[in-house]
Amino acid sequence: MGNFEFLKDLDKDLYGIAFEAEQLFKDGYFEQCMIQTRRFGECLCRKVMGNSALPNDTFDNMLATLKDTPQPSEEEKEFLEDMYFLKKSGNLSAHSKKSSNDANAGKTALECLERAFEAAVNVSVFRYNADKSVLNLVFDEELLMTGKKSEAATLQEEYNAKRREAKKSSKKEKSDKDKNSSEKPKKKKKSKKTNMELYEEYLEAKKEKSKIFKNKSLLREIAETILAGLLIYIAYLLFFTH
């Protein structure tokens, strides 16, 4: 068992190249491991390009084409960076005049495996439509050397899964909040009044009207009385003061 098991059911050819690269590293053939990861990167690049890659296109040609992609995503930028590293390291090892399988070569070979792993994880999800849980995987050095997964890698993958889920929930909450804030508040419907309530309103209105009518009648009587008094006084002045 190795770090590239997730490729087994997606692409057997890629899995085979990666598996061989890990075996070369385990056996201490670091330069050969770097050459193999370069081969892996070239094949991965061709898979990503699909029919856009011509049969005679070199690794350089394909990378140049991918580099010209307008507005590349962060994943695409990382992928290109990994591919250039694999190409450079593999070329240096292939054209080296003397073998160098020392500690420094081992360090570079390990980084090549890690970069190949990261690139393969992203491609498996975004090119092969693998389950997104693959994105939680981490490169495990203990798994590379012993074939057994380390506890540290398992804990890291569990942490990655929780972090991705929390990020997903946060995005959903923000989206729901934005959606709710953009919606116009609904007008409350007026409740329909019962017949009893309508009748009570009618009686109240009738009382008010009756009060107004009574007030008007009283004022009219007072006005008429005052007017009559004035008329009598005027008549008195006309007839009894001469």
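If you're wondering where the values come from, they're calculated on a predicted model, not measured in any experiment.

Colleague: Any chance you could break down the overall build of the chain for me, citing the residues and the numbers?
Modeller: Helix and strand counts for the chain stand at 8 helices and 0 strands. When the helices and strands of the chain are placed in sequence order, the string is α-α-α-α-α-α-α-α. Long-range pairs, those at least 24 residues apart, make up 61% of the contacts in the chain between residues at least 6 apart in sequence. A total of about 18,100 Å² of accessible surface is found on the chain, and carbon and sulfur atoms cover 55% of it.

Colleague: Could you give an account of a negative patch on the surface, naming the residues involved and the relevant values?
Modeller: Side chains of E75, E76, E78, E81 and E118 sit close together on the surface and give a patch of like negative charge. Considering every element that reaches the negative patch, the biggest residue donor is helix 4 (residues 74-94), with 4 residues. By secondary structure assignment, the location of E76 is in helix 4.

Colleague: Any chance you could break down the environment of E5 for me, citing the residues and the numbers?
Modeller: Along the chain, E5 falls in the segment before helix 1 (12-26). The partly exposed category is assigned to E5, whose relative accessible area is 24%. Expressed as a C-alpha distance, the spacing of E5 and F19, which sit 14 residues apart in the sequence, is 8.6 Å. Polar side-chain contacts of E5 include one of 3.4 Å to the backbone nitrogen of G2.

Colleague: I'd like a description of the packing of aromatic side chains, backed by residues and values.
Modeller: Taken as a whole and judged by the stated rule, the model has 7 aromatic pairs. Residues F4 and F40 carry aromatic rings whose centres are separated by 5.7 Å and whose planes lie at 65 degrees to one another, so their mutual orientation is edge-to-face. With a gap of 36 residues between them, F4 in the segment before helix 1 and F40 in helix 2 (residues 30-49) connect regions that are remote in the sequence. Through a chain of ring-to-ring contacts, three or more aromatic side chains come together here, namely F4, F6, F40, F117 and F139. Directly above the ring of F85 sits R115, whose terminal nitrogen or CZ lies 4.3 Å from the centroid.

Colleague: Quick one: what's the story with the pattern of salt bridges, residue by residue and with numbers?
Modeller: Summed over all chains, the structure comprises 8 salt bridges. Residue E74 is joined to K77 by a salt bridge in which the shortest nitrogen-to-oxygen separation is 3.7 Å. You can see E74 and its partner K77 sitting in helix 4, 3 residues apart, about one turn around the helix. Taking relative accessible area as the criterion, K77 reaches 43% and is therefore assigned partly exposed.

Colleague: Run through the layout of surface pockets, naming residues and quoting values.
Modeller: Here the largest pocket defines a volume of roughly 830 Å³. Lining the largest pocket are 24 residues, with E75, F126, L135, R164 and K167 sitting closest to its centre. Sorting the residues of the lining of the largest pocket by element identifies helix 4, helix 5 (103-126) and helix 7 (151-182) as the ones contributing at least two each. With 8 residues, the top contributor of residues to the lining of the largest pocket is helix 7. Grouping the constituent residues of the lining of the largest pocket by class yields 6 nonpolar, 4 polar and 14 charged. Counted as a void, the second largest pocket has a volume near 300 Å³. Lining the second largest pocket we find 14 residues, and of these V48, E75, E76, F79 and V123 sit closest to its centre. Listed by contribution, the elements that provide at least two residues to the lining of the second largest pocket are helix 2, helix 4 and helix 5. When residues of the lining of the second largest pocket are assigned to their parent elements, the largest contribution, 4 residues, is made by helix 4.

Parameters and conventions
Residues numbered from 1 in each chain as written. Predicted model: local features only at pLDDT ≥ 70, side-chain atom pairs only at ≥ 80, totals over all residues. Heavy atoms only, no water. Helix = DSSP H or I, 4+ residues; strand = E, 2+ residues; numbered from the N terminus. Contact = heavy atoms within 4.5 Å. Areas by Shrake-Rupley, 256 points an atom, 1.4 Å probe, with all protein chains shown as cover. Patch = residues over 30% accessible without salt bridge, like charges linked within 9 Å, V, L, I, M, F, W, Y side chains within 5 Å. Salt bridge = Lys/Arg side-chain N within 4 Å of Asp/Glu carboxyl O. Lys, Arg positive; Asp, Glu negative; His and termini not counted. Charge placed at Lys NZ, Arg CZ, Asp CG, Glu CD. Buried < 20%, exposed > 50% of the residue type's maximum accessible area, 1.4 Å probe, protein only. Polar contact = N/O pair within 3.5 Å; in protein donor to acceptor, adjacent residues only side chain to side chain. Phe/Tyr/Trp six-rings, centres within 6.5 Å; stacked < 30°, edge-to-face > 60°. Lys NZ or Arg CZ within 6 Å of the ring centre and 35° of its normal. 1 Å grid on protein atoms, 1.4 Å probe; cavity = no way out; pocket = protein on both sides within 12 Å on 5 of 7 lines; lining within 4 Å. Points joined across faces, edges and corners; volume = space filled by probe spheres on them. Nonpolar A, V, L, I, M, F, W, Y, C, P; charged D, E, K, R; others polar.

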